[in-house]
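Overview (structure and organization)
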Amino acid sequence: MELSAAWHALSTGLVPAAALGLGPEGPESPAAGDELRAAAAVLARHGLLAALEEWLLEVLQRDLQARLAPEFWGRAGGEPPCPRRLLEAFGLLRRRLEPYLRGLGLLEEWARPAGRCCPGVPRERAGALLRAVLFSAPPADFRQAVRRFYGRSFRIYMRQHGGAEEEAGGGGGGCGCGEERCCCPLAMEQFQQLNAILGRAFSALPQWIDKVIGWLSRVFLQESTVGLPGPAASSTLKRWRCHVQMFFYRLYASMRIEELFSIIRDFPESKPAVEDLKYCLERTNQRQQLLTSLKSALELRLLHPGVNTSDIITLYISAIKALRELDSSMVILEVACEPIRKYLRTREDTVRQIVAGLTGDAEGSADLANELSKADPVTLENGQESEDDASEPEDWVPDPVDADPGKSSSKRRSSDIISLLVSIYGSKDLFINEYRTLLADRLLHQFNYSAEREIRNVELLKLRFGEAQMHYCEVMLKDMADSRRINANIRDEEQKLPEQERPPFSLVAIILSSEFWPPLKEEKLELPAQIKEAMEAYAKKYEKLKAMRTLNWKHHLGLVNLEVELADRTLSLSVSPVHAAVILHFQDKSTWTLEELSEALKVPAASLRRKMTLWLQQGVLREEPPGTFTVIEEELKDQTEKVVLIDSDEEGDSAMASQADQKEEELQLFWTYIQAMLTNLESLSLERIHSMLKIFVMTGPMVTEIDIQELQVFLQKKVRDQQLSYSGGVYRLPKSCN
């Protein structure tokens, strides 16, 4: 046989005629085996069998792209997904692929004696082509059809073998069609048919498993034919099974450890993954791997300036919940989350965010608010733990080897979310003082004496922090109730007066016990005469009710309800006392310069200009020329509207002194004591000054502690200002001060 005739015989015998455009679609009779074998021998002598294999795979690829893939998806697609169409599509695909698979099998057989082909390689390459061309991106409806097909078969199988209880209202055997129209036998028949098709067309995995089982039998049984294993072989197989189980436990645990950050973030939705990881960790020694991986993930993805403090706290709360589920001893939580605790201590707003979360003011704060509302909270009053609180002695479980021996096991296990957050700073005083500031700010911005929500929060916090720590907050709430009663009494007295003797406007005051409230913001403001007269009259009435007491007014704090009457309109506004004082001056004179107003109100010009923007925006005043303000009696309709930017500080301005102002005031208090100590003792070291301040000054909630580093910075500043001298490791007052 000549070479060209041999090639022609093989090319037409191994490939369907339709793929070469030589005939119509339809069943084909296979070519004679002897003729094809003789043709293959001719090609083998010329070294062309490898070229024939490449050509056959190339024809398969073109046929898949041009003919088989469109034909398959045309049968398998469609709405709704139908098991019958799915079965027909795979059956047709199997019939179309059979000539190619038969041809590749013959090529493998012919090439094997000459050592030119490894067993199964041509079929593996064909399978790769099939997956790449046909199944690389299957449509969503096809994936849904396959899922439904196998899901239905699985339900039927479980029902038939007693592996699942019948669902409520779902009669039949698992197909979901009811008992009268049950199609379980047909569904299982289709299931078997599809498995047979896929088993014949894609049988690489079952063949591989059979080979592995046979190889393992020869390894462990040491016999050429597999029979009943002896005791030694059975023991070896059991040990091998244990090794394989351990291998998969470690593999699965390693995979979950790499995903642990995302698992914690998604908790409690990810609780099943946590339970699986716990099951694996109990059987493997991978705790150290988990700690190292989680610490690295936290530092890389969470602990950097680009993440908000509230988000860090939210993830820390999720970590507490998830890691407590993972490790009941909470040692993993203690070790892995220590970087979070250290980093939160460096954030200035950590305490404020935690307190806002406890009171329900922060976004996404449901976890902390719910934790605060628990019926049986963990008290933080004495900060000590008792081993007597543990359960029965036989239930005692030792801590893991990586637990800190210096920390109590019972305290670690009983800690809840709030106690863990408070322990970040090691002191609850910071949280109490921050809550006092938050409570004061909220009470002073309500102006209606309503404090039901705050009373509830204080009562809940008393359960956590103790009544002594919350005493100042209780006094603040009592002040609100007393203010309501006092204002009601004064208003009743005013109603009894004749009409002409009543004050021109209603004045309502919130009366604070200054020793129990946080420091208030201090600003100078000179009010108009009629306002000051009303305040003096109110103070006299208060002194009649409360003998031996008087009022010290904070002119810049409060709320004023105004009606601004202009020529063509009337505006009703609620503004701050500064804004009200500004507009009241325009009753006497319609035009004021910024300097004149600043002198009349005793307010700095820069601050006053920011306050003026409200009236500019409302169209009550205009600034022409710059620095001169005039009342607009009639609104100018044809004038183009000017955009006036309001300083963000004007929105929601706090009545409390800032943390920096409070710190400066406390440091000045320390300075008074330091001067007195150095006057009496002449010279003191840094450590001695700090210890004496802790004894005599740092007491009570009105004064927070100062650490030794802050004290050193403060004293060095005094040295630079020549108010102290430093030599030989001790501080002295300059001689001019003695």
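Our structure's up above, just so we're on the same page.
Presented here is a report on the structure given in the accompanying data block. Keep in mind the model is a prediction, meaning the values are calculated, not measured.

What about the overall build of the protein chain?
- The secondary structure content of the protein chain amounts to 29 helices and eight strands.
- For the protein chain, the proportion of its 738 residues judged to be buried stands at 39%.
- For the protein chain, the exposed surface amounts to about 43100 Å²; the carbon and sulfur share of it is 53%.

Thoughts on the nonpolar core
- If you look at the biggest cluster of nonpolar residues, it comprises 70 residues, and the most contacted ones within it are L302, Y316, L323, I340 and L421.
- Looking at this core, the element that brings in the most residues is helix α13 (residues 309-326), giving 10 residues.
- Here L323 is in contact with I264, L294, I332, L333 and C337, once residues within four sequence places are set aside.
- Counting residues in hydrophobic clusters, the runner-up holds 44 residues, among them L36, A40, L104 and A187.

Some details on the sheet that holds strand β8 (residues 730-732)
- Pairing is antiparallel across the open sheet formed by three strands, whose spatial order is β6-β8-β7. Each edge of the open sheet is held by one strand with a lone partner, namely β6 (683-685) and β7 (725-727). Across the sheet, the mean angle from the axis of one strand to that of its neighbour is 30°, orientation sign disregarded.

A look at unusual backbone geometry
- Note that the residue after F267, namely P268, is joined by a cis bond; omega there is 10°.
- Inspection of the secondary structure puts P268 in the loop between α10 (260-265) and α11 (271-281).
- Omega for the peptide link from E624 to P625 comes to -10°, which places this bond in the cis form.
- Within the secondary structure, P625 is located in the loop between β4 (621-623) and β5 (628-631).

Quick look at the packing of aromatic side chains
- Summed over all chains, the structure comprises five aromatic pairs.
- With a centroid separation of 6.3 Å and an interplanar angle of 80°, the aromatic rings of W671 and F714 are classed as edge-to-face. With W671 in helix α27 (residues 659-681) and F714 in helix α29 (residues 708-720), this residue pair connects regions lying 43 residues apart in the sequence. The exposure classification of W671 matches that of F714, with both residues buried.
- Arranged with centres 4.6 Å apart and planes meeting at 40°, the rings of Y726 and Y731 form a pair that is tilted.
- On the accessibility criterion, Y726 (43% relative accessible area) is partly exposed.
- Exposure remark for Y731: the relative accessible area of 2% places this residue in the buried category.
- Lying over the aromatic face of W592, K589 brings its terminal NZ or CZ to 4.3 Å of the ring centre.
- A cation over a ring is seen here: K718 above W671, with NZ or CZ 4.7 Å from the ring centre.

Some words on the packing of helix α22 (residues 471-496) against helix α23 (residues 529-545)
- Running from N to C, α22 and α23 point in directions that differ by 110°, and their axes come no closer than 11 Å. Taken together, the axes of α22 and α23 are roughly perpendicular relative to one another. In terms of crossing hand, the pair formed by α22 and α23 is right-handed. Contact residues: I486, N487, N489, I490, E493 and E494 in α22; Y538, K541, Y542 and L545 in α23.

Section: the environment of W55
- In this structure, W55 sits in helix α3 (residues 49-76).
- With near-sequence residues (within four places) excluded, W55 lies in contact with W7, S11, V15 and L20.

Thoughts on the pairing of strand β1 (residues 560-565)
- Both β1 and strand β2 (residues 570-575) contribute to a ladder of six bridges, which runs antiparallel. Each residue of the ladder has a partner; that of V560, found in β2, is V575.
- Between β1 and β2, which follow one another and run antiparallel, lie four residues.

Focus: helix α15 (residues 338-345)
- When α15 is considered as a whole, its buried residues turn out to be P339, I340, R341, Y343 and L344.
- Among the structural elements, α12 (287-301), α13, α14 (331-336), α16 (350-358) and α19 (417-422) are those in contact with the buried residues of α15.

Considering the sheet that holds β4
- The strand order across the open sheet built from three strands is β3-β5-β4, with neighbouring strands paired in antiparallel fashion. Only two strands of the sheet have a single neighbouring strand rather than two, namely β3 (591-593) and β4. On average, each strand axis in the sheet is tilted by 25° relative to the strand beside it, whichever way the strands run.
- In the sheet, β3 pairs with β5 via three bridges, with the strands oriented antiparallel. Residue pairing for β5: T593 is matched across the bridge by T628.
- Packed onto the sheet, helix α24 (residues 577-588) meets β3, β4 and β5 and runs at close to 125° relative to β3.
- The sheet contacts of helix α25 (residues 594-601) involve β3 and β5, and relative to β3 the element is tilted by about 85°.

As for the side chain of S270
- Residue position: S270 is located in the loop between α10 and α11.
- Residue S270 is classed as buried on the basis of its relative accessible area, which comes to 11%.

As for a nonpolar patch on the surface
- Residues F247, F248 and L251 make up a contiguous nonpolar surface patch of about 330 Å² in total accessible area.
- Its location among the elements puts L251 in helix α9 (residues 231-258).

A look at the pairing of β5
- Of the two faces of β5, the one carrying T628 and T630 and the one carrying F629 and V631 are both buried.
- Strand direction decides the pairing type here: β4 and β5, joined by three bridges, are antiparallel. By the bridge assignment for β5, L621 is matched with V631.
- The hairpin formed by β4 and β5 contains four residues between the paired strands, and G627 there has a positive phi angle of roughly 95°.

Observations regarding the packing of α16 against helix α20 (residues 429-444)
- At a minimum axis distance of 9 Å, the contact between α16 and α20 shows a crossing angle of 65°. One way to sum up the angle between α16 and α20 is to call them roughly perpendicular. Where α16 crosses over α20, the two elements pack in a sense that is right-handed. Mapping the contact onto sequence places V351, R352, I354, V355 and A356 in α16 and L430, F431, E434, Y435 and L438 in α20.
- Across the contact of α16 with α20, the residue classes tally to eight nonpolar, no polar and two charged.

Focus on helix α4 (residues 83-111)
- A rise of 1.5 Å per residue sets the reference length of α4, with its 29 residues, at 42 Å; its end C-alpha atoms lie 41 Å apart and thus fit the reference within 8%.
- Its axis deflected by about 40° at L97, α4 carries its strongest bend there, up to four residues before the proline P99.

Criteria and cut-off values
Residues numbered from 1 in each chain as written. Predicted model: local features only at pLDDT ≥ 70, side-chain atom pairs only at ≥ 80, totals over all residues. Heavy atoms only, no water. Helix = DSSP H or I, 4+ residues; strand = E, 2+ residues; numbered from the N terminus. Buried < 20%, exposed > 50% of the residue type's maximum accessible area, 1.4 Å probe, protein only. Areas by Shrake-Rupley, 256 points an atom, 1.4 Å probe, with all protein chains shown as cover. Core = buried A, V, L, I, M, F, W, Y, C linked by side-chain atoms within 4.5 Å. Contact = heavy atoms within 4.5 Å. Pairing = 2+ DSSP bridges. Axes fitted to C-alpha atoms, helices over the stretch in contact; angles between N-to-C directions. Phe/Tyr/Trp six-rings, centres within 6.5 Å; stacked < 30°, edge-to-face > 60°. Lys NZ or Arg CZ within 6 Å of the ring centre and 35° of its normal. Parallel < 35°, antiparallel > 145°, perpendicular 65-115°, else oblique. Left-handed = near helix turned anticlockwise from the far one by under 90°. Patch = residues over 30% accessible without salt bridge, like charges linked within 9 Å, V, L, I, M, F, W, Y side chains within 5 Å. Salt bridge = Lys/Arg side-chain N within 4 Å of Asp/Glu carboxyl O. Nonpolar A, V, L, I, M, F, W, Y, C, P; charged D, E, K, R; others polar. Expected span 1.5 Å × (residues − 1). Bend = angle between axes of the 7 residues up to and from the residue.

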